[in-house]
Amino acid sequence: MIRFFEKSHQNLNIVNFVKQFTTLMYKPIHYFINERISVVVVLLILTTIGCTKKNRLPDPLAAGWKDQAVCELLQENDHLRVLRCTFAPGVGHEKHYHAPHIGYTIAGSRFRITDTTGSREVDVPTGYHFDNEYIEWHEVLNIGDSTAVFLIIESK
């Protein structure tokens, strides 16, 4: 009986040792795995942010034509930005993007518009209004014989 108890006690010590060893080994492995998972998650987030498509083109105010401004800032606040863009015959607007906006044609003309769908010529009449959720890019050229003027109202 005493031998059995001694053996059982030894077995108990071995079991405790194994439990303690496993616990000690599990903590660094667990920490290592969690640290690795954390690193992977951070890298995925940074990659996603880094790969998010950012428009590197100028907005309509920054874009011009042959290094000359075509739009001027009329008003800006926390909610809106209002631009007046003027295009004499033969003047265009270099490749640029548009945030969500509405527009109004103060004076119309004929334009060649090039965008993701190709090139087309359109007559834009005085008094015409429009709205766009977003324009990835476009460029325009006044091919008419009159100066065109637009109001562009962007939401922020």
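Residues numbered from 1 in each chain as written. Predicted model: local features only at pLDDT ≥ 70, side-chain atom pairs only at ≥ 80, totals over all residues. Heavy atoms only, no water.

## Observations concerning the overall build of the protein
Line of reasoning, step 1. A count of helices and strands for the protein gives one helix and 11 strands.
Line of reasoning, step 2. Listed by position from the N terminus, the elements making up the protein come as α-β-β-β-β-β-β-β-β-β-β-β.
Line of reasoning, step 3. Out of the 156 residues belonging to the protein, those deemed buried represent 24%.
Line of reasoning, step 4. Sequence separation of 24 or more characterises 72% of the internal contacts of the protein that already satisfy a separation of 6 or more.
Line of reasoning, step 5. Looking at the protein as shown, the accessible area adds up to about 11300 Å², and 62% of this sits on carbon and sulfur atoms. (Helix = DSSP H or I, 4+ residues; strand = E, 2+ residues; numbered from the N terminus. Buried < 20%, exposed > 50% of the residue type's maximum accessible area, 1.4 Å probe, protein only. Contact = heavy atoms within 4.5 Å. Areas by Shrake-Rupley, 256 points an atom, 1.4 Å probe, with all protein chains shown as cover.)

## Overview of the sheet that holds strand 5 (residues 92-98)
Line of reasoning, step 1. If you trace the four strands from one edge of the open sheet to the other, you get 5-10-7-8, paired in antiparallel fashion. The open sheet has two free edges, formed respectively by strand 5 and strand 8 (118-124), since each of these has just one partner strand. Strand after strand, the sheet turns through a mean of 25 degrees between neighbouring axes, direction not considered.
Line of reasoning, step 2. Across four bridges, strand 5 lies against strand 10 (residues 135-142) in antiparallel orientation. (Pairing = 2+ DSSP bridges. Axes fitted to C-alpha atoms, helices over the stretch in contact; angles between N-to-C directions.)

## Remarks on the state of the cysteines
Line of reasoning, step 1. Applying the stated criterion to the full structure yields one disulfide.
Line of reasoning, step 2. Two residues, cysteine 71 and cysteine 85, share a disulfide whose sulfurs are 2.0 Å apart. Taking the sign of the S-S torsion, 105 degrees for the link of cysteine 71 and cysteine 85, the bridge is right-handed. Here cysteine 71 is found in strand 3 (residues 71-76), whereas its partner cysteine 85 is found in strand 4 (residues 80-87), with 14 residues between them in sequence. Cysteine 85 shares its class with cysteine 71; the two are buried. (Disulfide = S-S within 2.5 Å.)

## Considerations on the packing of aromatic side chains
Two descriptors summarise a pair of aromatic rings, namely the distance from one centre to the other and the angle between the planes of the rings.
Line of reasoning, step 1. Here the structure, examined in full by the defined rule, presents six aromatic pairs.
Line of reasoning, step 2. Note on tyrosine 128 and phenylalanine 130: the rings are 6.0 Å apart at their centroids and 25 degrees apart in plane angle, and the pair reads as stacked.
Line of reasoning, step 3. For tyrosine 128, a relative accessible area of 42% translates into the label partly exposed.
Line of reasoning, step 4. When the centroid spacing of 6.4 Å and the interplanar angle of 70 degrees are considered together, the rings of phenylalanine 130 and phenylalanine 150 count as edge-to-face. One end of the pair, phenylalanine 130, is in strand 9 (residues 129-132); the other, phenylalanine 150, is in strand 11 (residues 148-155), with 20 residues separating them in the sequence. (Phe/Tyr/Trp six-rings, centres within 6.5 Å; stacked < 30°, edge-to-face > 60°.)

## Overview of the sheet that holds strand 3
Two orientations exist for strands paired in a sheet by backbone hydrogen bonds: parallel and antiparallel.
Line of reasoning, step 1. Taken in spatial order, the five strands line up as 3-4-11-6-9 in an open sheet, and their pairing is antiparallel. At either margin of the open sheet sits one strand with a lone partner, and together these are strand 3 and strand 9. With strand direction ignored, the average angle separating the axes of adjacent strands in the sheet is 20 degrees.
Line of reasoning, step 2. Relative to strand 9, strand 6 (residues 101-107) runs antiparallel, the two sharing four bridges. Residue pairing in the sheet places isoleucine 102 in a bridge with aspartate 131 of strand 9.

## Side note on the pairing of strand 10
Line of reasoning, step 1. Pairing analysis gives five bridges linking strand 7 (residues 109-115) to strand 10, with the strands arranged antiparallel. Within strand 10, the position partnered with phenylalanine 111 by the bridge is asparagine 142.

## Considering the environment of aspartate 115
Line of reasoning, step 1. Within the element layout of this structure, aspartate 115 appears in strand 7.
Line of reasoning, step 2. Every residue in contact with aspartate 115, bar those within four places of it in the chain, is listed here: Arg120, Trp137 and His138.
Line of reasoning, step 3. Side-chain polar atoms of aspartate 115 contact the side chain of threonine 117, separated by 2.6 Å. (Polar contact = N/O pair within 3.5 Å; in protein donor to acceptor, adjacent residues only side chain to side chain.)

This is a description of form; function is not addressed.
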